[in-house]
Protein chains: 2
Amino acid sequence: MQTRVGFIGLGIMGKPMAKNLVKAGFSMVVHNRSRAAVDELAALGAKPAGSPKEVASQVDVIITMLPNSPDVERVALGRDGIKEGARSGQLFIDMSTINPVVSQSVAKELAPSGVAMVDAPVSGGEKGAIDAALSIMAGGEPQDFERALPLFQALGKTITHMGPLGTGGFTKLANQIIVGINLTAIGEALVFGTKAGVDPQKMIRALSGGLANSKCLEMKSEKILSGDFAPGFKIDLHFKDLNLIHDAAKSVGASIPMAALVEQVFAAMRAGGRGGFDHSGVITFFEDLARIQVRKAQ
Amino acid sequence: MQTRVGFIGLGIMGKPMAKNLVKAGFSMVVHNRSRAAVDELAALGAKPAGSPKEVASQVDVIITMLPNSPDVERVALGRDGIKEGARSGQLFIDMSTINPVVSQSVAKELAPSGVAMVDAPVSGGEKGAIDAALSIMAGGEPQDFERALPLFQALGKTITHMGPLGTGGFTKLANQIIVGINLTAIGEALVFGTKAGVDPQKMIRALSGGLANSKCLEMKSEKILSGDFAPGFKIDLHFKDLNLIHDAAKSVGASIPMAALVEQVFAAMRAGGRGGFDHSGVITFFEDLARIQVRKAQ
């Protein structure tokens, strides 16, 4: 029998993901707080549902793609939530980027109903979601990961089983630690050099040749040199992830001085009205401090 | 007429560089504070000299490769220094990594004697020096860079003219900002994930697939997973560079909060007797804080 899939959370990421599952031939039931995205999916053949509970009562596998930890807790465990419609043998796949400690506590609440859980946050952004080219970092029991795999294959390209539940989320957060810090390092270094009189374009070329090179430098140099910080991935969202990292580090007993500093730098970006910038726009924080603009120095 | 080249500072980097110049056919005069390296070069045909002044009085181009800013100031401007033996038309190439503001002041002191200066720090380490495969970032007037180019070609592979005097050094420091921060980010993120229960090897594989990837992650993962922090490039030397960055940032009016934090982390590494570790060994700082070892968690 065909797998019936429920999808809750049809936002910037969730909507194209749900569409890709429809295209792959899964029988879909969808729910979203605002109606427009539900109608769009319904036009493609998905069945609308009025609540997470209503979704859960009709499907084998439930996927959520929600903004943050409290949303997942509410949708899974709250009134008219997944738990109220759940039955034994179901699989719950949360693909949101949330605090993995919350993932683990939600799984514990669902276990008595016989619902297994996989946490599977993604990277690759809206474009990766539309192109079914996401990188998916999944945590859960091996048999649950195997069961989720055909769905992941309709959504992404690089699919990694990291280990038990929560390890998907922790890997995503480790990723966000490195990316946030590397982008901030690039901003700090390029403003330092530019302020000292070095041509930023030549500097990027020289830095790319050695140990200072990175995917961030490769992908974001053009934005930095043009000063066009249309997202991409917003400072606001990366700030949310840094907050999660902060909480998760406290829970597991790790110390994250560098990420904590980047969190404060991103907080300053938001206070300055730049939360909507691409995260590479963090360079403007250093430009302001040094009273110089890299794009004008070329 | 053949270019006569003086070389002052025959240390870990300077000795193989001077040897490569001898091999390339330059007529060499060499000086070093301790005698053994001088004898080694003399056996290859270089002429020993008793002081920087004595070197300068016999050559067309003088190269220095010294530990730090005060050494370059002393050798160039001090008693029995280059300035005392200098004559108009000579070229002084400093390849040490020093404060570029000091390079600029040394150049100003030498200018009345008719000596032009190029600052040309390198990256690539001892191996790059031995293999004549250094990356050379040079600052100076175009005609002086052109004059230095045949020498650079005997020493390195990637040779970039960055701009006026000092821009070589500032580019090298920007490089060291990014490398120091990226390595610290990798340490912080891998300890965070490992403490949370993620397998470090799987985590590195997943992180390498996306925006978190970097030359540092590619080059240093093996050291991190084995826990073998034989240098490579020592924490002690990178700490010296972070001190230079600190001073240079103050001089030019740039703010470097991230590099300043890394400077303090490296200071803690040295206080803990780990100044001789490869700079990727900064991960042990985070391991200590979290009471875990990444290499044992695999």
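Note that the structure is predicted; figures quoted are calculated from it, not measured.

> I tried to follow the overall build of chain A on my own but got confused; where do I start?
If you tally the helices and strands in chain A, you get 14 helices and nine strands. Burial statistics for chain A: of 298 residues in total, 57% are counted as buried. Summarising the internal contacts of chain A: among those between residues at least 6 apart in sequence, 66% fall at separations of at least 24. As presented, chain A carries roughly 11,200 Å² of accessible surface, and 51% of it is formed by carbon and sulfur atoms. One way to put it: in chain A the 31 positive side-chain charges average out to a point 4 Å from where the 28 negative ones average out.

> So what exactly am I meant to see when it comes to the interface of chain A and chain B here?
How big an interface is tends to be reported as the loss of accessible area on association of its parts. Taken together, the contact pairs 53 residues of chain A with 53 residues of chain B. Buried area between chain A and chain B, summed over both chains or domains, comes out near 4,900 Å², and the portion from carbon and sulfur atoms is 77%. Area buried by chain A at its contact with chain B is led by Phe192, Leu211 and Met258 of chain A, which between them contribute 17% of it. Our count for the chain A to chain B interface comes out at zero salt bridges. The interface formed by chain A and chain B includes six residue pairs in polar contact (both at pLDDT 80 or more). Mapped by element, the contributors of at least two residues to the side of chain A that touches chain B are β9 (156-163), α9 (167-195), α10 (200-208), α11 (215-226), α12 (235-252), α13 (257-271) and α14 (283-290) of chain A. The element that contributes the greatest number of residues to the side of chain A that touches chain B is α9 of chain A, accounting for 18 residues.

> Help me understand the packing of α9 of chain A against α13 of chain A, please; the structure alone is not making it clear to me.
A packed helix pair is summarised by two numbers, namely the angle formed by the two axes and the spacing between the axes. Residues and elements named next belong to chain A. The geometry of α9 relative to α13 is characterised by a closest axis approach of 10 Å and an angle of 65 degrees between their N-to-C directions. As α9 packs across α13, the resulting crossing turns out to be left-handed. Of α13, the residues touching α9 (which contributes Ile177, Gly180, Ile181 and Thr184) are Met258, Ala259, Val262 and Phe266. Its residues assigned to classes, the contact of α9 with α13 shows six nonpolar, two polar and no charged.

> Sorry if this is basic, but what is going on with the relation of the copies chain A and chain B here?
What relates the two chain copies is a rotation about an axis together with a slide along it. Aligned on chain B, chain A shows an RMSD of 0.0 Å; the corresponding rotation is 180 degrees and the shift along the axis is 0.0 Å. The superposition of one copy onto the other is thereby described by a two-fold rotation axis. Within chain A, Ser214 of chain A has its C-alpha nearest the rotation axis, a separation of 1.9 Å.

> Honestly, the nonpolar core in this entry has me stumped. Any pointers?
Proteins that are soluble and globular tend to have nonpolar side chains buried together. Residues Phe192 of chain A together with Phe192 of chain B are the most contacted members of the largest nonpolar core, which totals 100 residues. When neighbours within four sequence positions are excluded, Phe192 of chain A is seen to be in contact with Phe170, Leu173, Ala174, Ile177, Ile245, Ala248, Ala249, Val252, Ala254 and Ile256 of chain B. Met65, Met95, Leu134 and Ala154 of chain B belong to the second-largest nonpolar core, a separate cluster that totals 35 residues.

> Even after reading the chapter, I still don't get the packing of helix α6 (residues 100-110) of chain A against α9 of chain A, so can you show me in this structure?
Residue and element names in this part refer to chain A. The N-to-C vectors of α6 and α9 enclose an angle of 170 degrees; their axes lie 8 Å apart at closest approach. Accordingly, the angle class assigned to the pair α6 and α9 is roughly antiparallel. Of α9, the residues touching α6 (which contributes Pro100, Val101 and Gln104) are Gly169, Phe170 and Leu173. Classifying every residue of the contact of α6 with α9 by side-chain character gives four nonpolar, two polar and no charged.

> Can you help me understand the pairing of strand β2 (residues 27-31) of chain B in this one?
Two faces belong to every sheet, and in a regular strand the side chains alternate between them. Residues and elements named next belong to chain B. The buried fraction of β2 is high, at four of five residues. One ladder, built from five bridges, connects strand β1 (residues 4-8) with β2; its direction is parallel. Each bridged residue has a counterpart across the sheet, and for Gly6 the counterpart in β2 is Val29. Pairing analysis gives two bridges linking β2 to strand β3 (residues 47-48), with the strands arranged parallel. Residue Val29 lies in a different strand from β3, and its bridge partner there is Lys47. Read from β2 through helix α2 (residues 35-43) to β3, the crossover connection turns out right-handed.

> So what exactly am I meant to see when it comes to the packing of aromatic side chains here?
When we look at a pair of aromatic rings, we describe it by the centre distance and by the angle of the planes. Per the stated rule, a full pass over the model turns up eight aromatic pairs over all chains. Ring plane angle 20 degrees and centroid distance 5.8 Å describe the contact between Phe229 of chain A and Phe277 of chain A, whose orientation is recorded as stacked. You can see Phe229 of chain A sitting in the loop between α11 and α12 and its partner Phe277 of chain A sitting in the loop between α13 and α14, a full 48 residues away along the chain. Look at Phe277 of chain A and you get partly exposed, because its relative accessible area is 25%. Consider the rings of Phe145 of chain B and Phe152 of chain B, whose centres lie 6.2 Å apart with planes at 45 degrees: the pair is tilted.

> Whenever I open this one, helix α6 (residues 100-110) of chain B confuses me. Can you help?
Given 3.6 residues to a turn, an α-helix orients residues that are three or four positions apart in the same direction. Residue and element names in this part refer to chain B. Buried within α6 are the following residues: Pro100, Val102, Ser103, Val106, Ala107 and Leu110. Angular distribution of buried residues about the axis of α6 spans 145 degrees; they occupy a single face of the element. Of the surrounding elements, those touching the buried residues of α6 are α4 (69-77), α5 (82-85), β5 (91-94), β6 (116-119), α9 (167-195) and α12 (235-252). At the N-terminal end of α6, a side-chain oxygen is found 2.9 Å from the backbone nitrogen of Val101, two or three residues along, and the residue is Asn99.

> Help me understand the domain arrangement of chain A, please; the structure alone is not making it clear to me.
Residues and elements named next belong to chain A. Its domain assignment divides chain A into domain 1 (4-164) and domain 2 (170-296). Measuring from the centre of the C-alpha atoms in domain 1 to the corresponding centre in domain 2 gives 30 Å. Facing the 14 residues of domain 1 at the interface are 10 residues of domain 2. Summed over both partners, the interface of domain 1 with domain 2 comes to about 1,000 Å²; 67% of that surface belongs to carbon and sulfur atoms. Together, Thr97, Pro100 and Met137 form the three largest contributors to the area buried by domain 1 at its contact with domain 2, with a combined 41%. On the surface where domain 1 and domain 2 come into contact, there are four residue pairs in polar contact (both at pLDDT 80 or more). Sorting elements by how many residues they give to the side of domain 1 that touches domain 2 places α6 first, with three residues. Looking at the side of domain 1 that touches domain 2 residue by residue, the classes come out as eight nonpolar, six polar and no charged.

> Which parts of the structure should I look at to understand the pairing of strand β4 (residues 61-64) of chain A?
Residue and element names in this part refer to chain A. Of the two faces of β4, the one carrying Val61 and Ile63 and the one carrying Ile62 and Thr64 are both buried. Sheet analysis places strand β1 (residues 4-8) next to β4, joined by four bridges and oriented parallel. Within the sheet, the bridge partner assigned to Val5 lies in β4 and is Val61.

> Just checking my understanding: could you explain unusual backbone geometry for this structure?
What you tend to see is this: most non-glycine residues have negative phi, and most peptide bonds are trans. Backbone torsion omega between Pro231 of chain A and Gly232 of chain A reads 15 degrees, so that peptide bond is classified as cis. Following the sequence through the fold, Gly232 of chain A ends up in the loop between α11 and α12. Look at Arg291 of chain A: it is not a glycine, yet its phi comes out positive at around 55 degrees. By the element assignment, Arg291 of chain A lies in the segment after α14. Positive phi outside glycine occurs at Asp80 of chain B, with the angle close to 60 degrees. Mapped onto the secondary structure, Asp80 of chain B falls in the loop between α4 and α5.

Conventions used here
Residues numbered from 1 in each chain as written. Chains lettered and ligands numbered in written order. Predicted model: local features only at pLDDT ≥ 70, side-chain atom pairs only at ≥ 80, totals over all residues. Heavy atoms only, no water. Helix = DSSP H or I, 4+ residues; strand = E, 2+ residues; numbered from the N terminus. Buried < 20%, exposed > 50% of the residue type's maximum accessible area, 1.4 Å probe, protein only. Contact = heavy atoms within 4.5 Å. Areas by Shrake-Rupley, 256 points an atom, 1.4 Å probe, with all protein chains shown as cover. Lys, Arg positive; Asp, Glu negative; His and termini not counted. Charge placed at Lys NZ, Arg CZ, Asp CG, Glu CD. Buried area = accessible area lost by both parts, 1.4 Å probe. Salt bridge = Lys/Arg side-chain N within 4 Å of Asp/Glu carboxyl O. Polar contact = N/O pair within 3.5 Å; in protein donor to acceptor, adjacent residues only side chain to side chain. Axes fitted to C-alpha atoms, helices over the stretch in contact; angles between N-to-C directions. Left-handed = near helix turned anticlockwise from the far one by under 90°. Nonpolar A, V, L, I, M, F, W, Y, C, P; charged D, E, K, R; others polar. Least-squares fit on C-alpha atoms with pLDDT ≥ 70 in both. Core = buried A, V, L, I, M, F, W, Y, C linked by side-chain atoms within 4.5 Å. Parallel < 35°, antiparallel > 145°, perpendicular 65-115°, else oblique. Pairing = 2+ DSSP bridges. Right-handed = clockwise from strand over helix to strand, strands pointing away. Phe/Tyr/Trp six-rings, centres within 6.5 Å; stacked < 30°, edge-to-face > 60°. Arc of directions from axis to C-beta. Domains from an automatic or database assignment.

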